[in-house]
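In case you want the letters, here they are:
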Amino acid sequence: MSLVLTAVRRIATLGLCAAAALAGPFTTLPAHAAAGADLIITVTPRTDGAYSMRLTCEPDGGLHPYPSEACDALRSVDGHVYDLDLDPGPCPLIWDPVEVEVRGHWYGRPEAYYERFPNRCAMEHRLGPVTG
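Presented here is an overview of the structure given in this document.

Conventions used here
Residues numbered from 1 in each chain as written. Predicted model: local features only at pLDDT ≥ 70, side-chain atom pairs only at ≥ 80, totals over all residues. Heavy atoms only, no water. Pairing = 2+ DSSP bridges. Helix = DSSP H or I, 4+ residues; strand = E, 2+ residues; numbered from the N terminus. Contact = heavy atoms within 4.5 Å. Axes fitted to C-alpha atoms, helices over the stretch in contact; angles between N-to-C directions. Phe/Tyr/Trp six-rings, centres within 6.5 Å; stacked < 30°, edge-to-face > 60°. Buried < 20%, exposed > 50% of the residue type's maximum accessible area, 1.4 Å probe, protein only.

1. Looking at the sheet that holds strand β5 (residues 109-117)
Each strand in a sheet pairs with its neighbour through backbone hydrogen bonds, running either in the same direction (parallel) or in the opposite one (antiparallel).
Piece 1. Strand order in the open sheet formed by five strands is β3-β2-β1-β4-β5, and the pairing between neighbours is antiparallel. Taken across any chain shown, the strands that pair with only one partner, and hence form the sheet edges, are β3 (61-62) and β5.
Piece 2. Taken strand by strand, helix α2 (residues 67-75) contacts β1 (37-45), β2 (51-57), β3 and β4 (98-106), and its axis lies near 70° from that of β2.
Piece 3. Most of the contacts of helix α3 (residues 120-127) go to β5, to which it runs at about 150°, and overall it touches β1, β2, β4 and β5.

Quick look at the structure:
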């Protein structure tokens, strides 16, 4: 009887080890893996073609033309794109709408932003280097 119990215990132990090994990739990431930001920024003007760029922060980079400036602007508002208002100066009253969408993660927190601006000047005044 003890031989059967020993065999059952070994099989159970092997099963638990296999389950732990398979579950490893599905566990939550450690805190240092969520550090930084990873954002996809899409700008869609009414008349020109749309363009997208990837922005990463810490390290600043990605496929963005001004990653350091964009990351600094976002750091000033803790990644809350809606809180950006970098240059509240005047813009001409020309209707040439531009849509901006930002999706991704800011230091582990999901970030989603969408806004339609009346023109490129208004977009640049509000979002600055974030839109390239």
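Back to the write-up after that little detour.
2. What about the packing of aromatic side chains?
Two aromatic rings, taken as a pair, are described by how far apart their centres are and by the angle between their planes.
Piece 1. Scanning all chains against the criterion turns up two aromatic pairs.
Piece 2. Here Trp106 and Tyr107 contribute two aromatic rings whose centre-to-centre distance is 4.9 Å and whose plane-to-plane angle is 70°, an arrangement assigned as edge-to-face.
Piece 3. The exposure class assigned to Tyr107 is partly exposed, which follows from its relative accessible area of 31%.

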